[in-house]
Amino acid sequence: MKAFGWASREQSGTLSPFKFSRRATGIKDVTFKVLFCGICHTDLHMVKNEWGSSKYPLVPGHEIVGIVTKVGKKVQKCKVGDKVGVGCMVGSCRTCADCKNNLENYCPKMILTYGSTYLDGSTTYGGYSDTMVVDEHFVIRWPENLPLDCGAPLLCAGITTYSPLKHFGLSKPGIHIGVVGLGGLGHVAVKFAKAFGAKVTVISTSPSKQKEAIENLGADSFLVSRDAEEMKAAKGTMDGILDTVSAVHPLLPLLELLKSHGKLVLVGVPATPLEKIVAGSSIGGLKETQEMIDFAAKHKITAKVEVIPMDYVNTAMERLAKGDVNYRFVIDVGNTLKANSPDS
């Protein structure tokens, strides 16, 4: 099946129009027209091969939402015309212990939405494209009351923060949670933690973000991590900390904020390894991702987004690298991806 998108072809990371093909709709496949796709920090690392695993040409995008156009004859999860989403993975072995426990994200044979090799040997291409073909198991049903554009980032940023809050016992009302960093992941983490009933403190190097954190996102307090006095006063007060920062930074000052048996969970992925990992969390399984999307719809949780046309994507990547986004770029693929570009 003919497909069209934007791809990076080498380590400069510059994206340009790209024609390719998708597999035909299999008996358990869902084919959908892509309407919106979020830009994740992972996309930036991958287009530039900063983790050393990129395969070119690379079509990024793993925060993908759209409308079903075709389903295989054995598909039960959705029908033509339904709204659906696809996050960070499109395949796993389905037989290992992790898969059987709905933890496909830890399957040793997990297939990523882009830059991986699929079961048939083809390369997976992501959502900066007009159409997707995905096994129904890896498709998320989209709630009617959840907007597609500002809901799309939840498929990565949402599950990346929701999952550790649940897994590490940080989703109970009344506990005190710190959120480090107020970017694409952090602002969603604050919203989920508040919806669980927690007291939330945002920890940031930027005092200028205090008003936004408390007045717009509903955080209870704000801590400037460079202020030694503030950090000292907050020692031993937190039950858990979700660290969403993707730049290398010291962890010891954060550990000192925790109560005994408190948990520091790292969800931001730096280009270079941190000195040590305390507890890491990688996205979530499909069952939990569906649960997260339904929870977000119920509590009206969305990402704060800047919707952009497809041909703005390289500028958006440059801005993302400088942290100049409030808080997530989302590409309006449905309205702005044009297949008649001269260099495609």
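In this text the structure is predicted, and so the values were computed from the model without any measurement.

## Notes on the sheet that holds strand S12 (residues 221-224)
On the basis of which strands lie adjacent, the open sheet formed by five strands has the order S12-S11-S10-S13-S14 and parallel pairing. The outermost strands of the open sheet, each flanked by one partner alone, are S12 and strand S14 (258-266). In this sheet, adjacent strand axes meet at a mean angle of 20° when their direction is disregarded. Where strand S10 (residues 176-180) meets strand S11 (residues 199-204), five bridges bridge the pair, whose relative direction is parallel.

## A few points about the packing of aromatic side chains
Using the criterion set out here, one finds eight aromatic pairs in the structure. Geometrically, the ring pair formed by Phe18 and Phe20 is stacked, given 5.4 Å between the ring centres and 15° between the ring planes. For the pair Phe18 and Phe20, one class covers both residues: buried. Their ring planes at 40° and their centres at 5.6 Å tell us that Tyr162 and Phe196 sit as a pair that is tilted. Taken as a pair, Tyr162 in helix H4 (residues 157-167) and Phe196 in the loop between helix H5 (184-195) and S11 lie far apart in primary sequence, 34 residues in all. Among the residues examined, Tyr162 registers a relative accessible area of 1% and is labelled buried. We classify Phe196 as buried; its relative accessible area is 10%. Of the aromatic side chains, those joined through ring pairs into one cluster are Tyr162, Phe192, Phe196 and Phe295.

## Overview of the environment of Lys322
With respect to the secondary-structure elements, Lys322 resides in the loop between helix H10 (313-321) and strand S16 (328-331). Through-space distance from the C-alpha of Lys322 to that of His249 is 16 Å; in sequence the pair is 73 residues apart.

## Examining H4
Counting buried residues in H4 gives nine out of 11 residues, a clear majority hidden from the surface. Tucked into the core, H4 has its buried residues touching S10, H5, strand S13 (238-243), S14, helix H9 (286-298) and S16. Positive phi shows up at Gly169, right after H4, with a value of about 70°.

## A closer look at the side chain of Arg22
If you trace the backbone, Arg22 turns up in the loop between strand S2 (15-21) and strand S3 (29-39). Buried and without a salt bridge, Arg22 has Asp130 as its closest oppositely charged side chain, separated by 5.9 Å. Within the local environment of Arg22, its side chain forms a polar contact with the backbone oxygen of Tyr125, the two atoms lying 2.8 Å apart. Within polar-contact distance, the side chain of Arg22 engages the backbone oxygen of Thr131 at 2.8 Å. With sequence-adjacent residues up to four places away left out, Arg22 is seen in contact with Met1, Ala3, Tyr125, Gly126, Ser129, Thr131, Met132 and Val133.

## Observations regarding the pattern of salt bridges
All told, the structure shown has 12 salt bridges when counted by the stated rule. A salt bridge links Arg328 to Glu63; the shortest N-O distance between them is 2.6 Å. In this pair, Arg328 is assigned in strand S16 and Glu63 in the loop between helix H1 (41-47) and strand S4 (64-71), connecting sequence segments 265 residues apart. The residue Glu215 makes a salt bridge to Lys211 at a minimum N-O spacing of 3.6 Å. Taken together, the residues Glu215 and Lys211, both in helix H6 (residues 210-216) and four residues apart, mark about one turn of the helix. Using a relative accessible area of 56% as the deciding quantity, one classes Lys211 as exposed. Here the salt bridges share partners, and the residues they tie into one network are Glu306, Arg319 and Asp324.

Reading the values: the criteria
Residues numbered from 1 in each chain as written. Predicted model: local features only at pLDDT ≥ 70, side-chain atom pairs only at ≥ 80, totals over all residues. Heavy atoms only, no water. Pairing = 2+ DSSP bridges. Helix = DSSP H or I, 4+ residues; strand = E, 2+ residues; numbered from the N terminus. Axes fitted to C-alpha atoms, helices over the stretch in contact; angles between N-to-C directions. Phe/Tyr/Trp six-rings, centres within 6.5 Å; stacked < 30°, edge-to-face > 60°. Buried < 20%, exposed > 50% of the residue type's maximum accessible area, 1.4 Å probe, protein only. Contact = heavy atoms within 4.5 Å. Lys, Arg positive; Asp, Glu negative; His and termini not counted. Salt bridge = Lys/Arg side-chain N within 4 Å of Asp/Glu carboxyl O. Polar contact = N/O pair within 3.5 Å; in protein donor to acceptor, adjacent residues only side chain to side chain.

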